[in-house]
Every structure is written in C-alpha cells, then in structure tokens.
Amino acid sequence: MCISDVVQQALTTGWLTLEAEDELRSLLRHHYGYDDLCAFMSLQSAAMTGTVKQESRLLRPLSVSEVMERSTV
C-alpha cells in the first residue's frame, strides 16, 4: 500500500482510522514520490477543514480547559 492509497480511502470515507494513521507514519519514514507527498498534503488540508475526521482526535482525553468549558454550558 502507498500513501496515495491510504489518503484516497480517507478522502472517500471521510474518516482516518487509527490503523490508517499508523500506516501513514510507517510509509512516511521511507522514500516516497511527489504524488504521495501531494496526496498527503491534500489529506492534511481535508483534516484541517473537517472534511476528514481523525479517529485519534475523537479518542483523545479532554484537556482541563475543555472540561471547564463544557461544564459551564
């Protein structure tokens, strides 16, 4: 599997799983081409705009400020 494949799956489903993130980390440790770099950058953009949700972001514990903010609502 290449970076572009992982990215395409995430863009298609709108979801980046923990397994896919691990796969990307592994793939990014090795030599990759321009097309894979462009695909990865498009995934980053999609994650920043909310087009793709990251499972790891939804599973992380809340910070103290987030807990305080939610308790005042």
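Heads up: the structure comes first, above all this text.
Everything quoted here is computed from the prediction, not taken from an experiment.

## Things to note about the side chain of Glu55
Note on placement: Glu55 falls in helix α4 (residues 55–59). An unpaired buried charge is present at Glu55: no salt bridge exists, and Arg25, the closest side chain of opposite charge, is 10 Å distant. Those residues within four positions of Glu55 in sequence are excluded, and the remaining contacts are Trp15, Leu16, Thr17, Leu18, Glu19 and Glu21.

## With respect to the packing of helix α1 (residues 3–13) against helix α3 (residues 34–49)
The geometry of α1 relative to α3 is characterised by a closest axis approach of 8 Å and an angle of 25° between their N-to-C directions. Judged by the inter-axis angle, α1 sits roughly parallel to α3. For the pair α1 and α3, the sense of crossing is left-handed. On the side of α1, the interface is formed by Ile3, Ser4, Val7, Ala10 and Leu11, while α3 contributes Asp35, Asp36, Ala39, Phe40, Ser42, Leu43 and Ala46. Looking at the contact of α1 with α3, its residues break down into eight nonpolar, two polar and two charged.

Parameters at a glance
Numbering of residues begins from 1 in every chain and follows the order in which that chain's sequence is written. The predicted origin of the model limits local features to residues at a pLDDT of at least 70 and limits the giving and counting of side-chain atom pairs to 80 or more, whereas totals for whole chains, interfaces and linings rest on all residues. Processing note: side-chain calculations cover all non-hydrogen atoms of the structure and skip hydrogens and water entirely. Secondary structure is summarised from DSSP: a helix means a run of H or I of at least four residues, a strand means a run of E of at least two, and numbering begins at the N terminus for each. For each residue, the accessible area found with a 1.4 Å probe, counting protein chains only, is set against the maximum for its type, and the residue is called buried under 20%, exposed over 50%, and partly exposed in between. In this charge count, Lys and Arg are treated as positive and Asp and Glu as negative; neither His nor the chain ends contribute. By salt bridge we mean one thing: a side-chain nitrogen of Lys or Arg within 4 Å of a carboxyl oxygen of Asp or Glu. Only heavy atoms enter the contact rule, under which two residues are in contact if any of them lie within 4.5 Å. A fitted line through C-alpha atoms represents every axis, and for helices the fit uses only the stretch in contact; the resulting angles, taken between N-to-C directions, go from 0 to 180 degrees. The labels follow the angle: roughly parallel below 35 degrees, roughly antiparallel above 145, roughly perpendicular from 65 to 115, and oblique for the rest. For any pair of crossing helices, the crossing counts as left-handed if the nearer helix is rotated counterclockwise from the farther one by less than a right angle, and right-handed if it is rotated clockwise. When residue character is reported, Ala, Val, Leu, Ile, Met, Phe, Trp, Tyr, Cys and Pro are called nonpolar, Asp, Glu, Lys and Arg charged, and the others, Gly included, polar.

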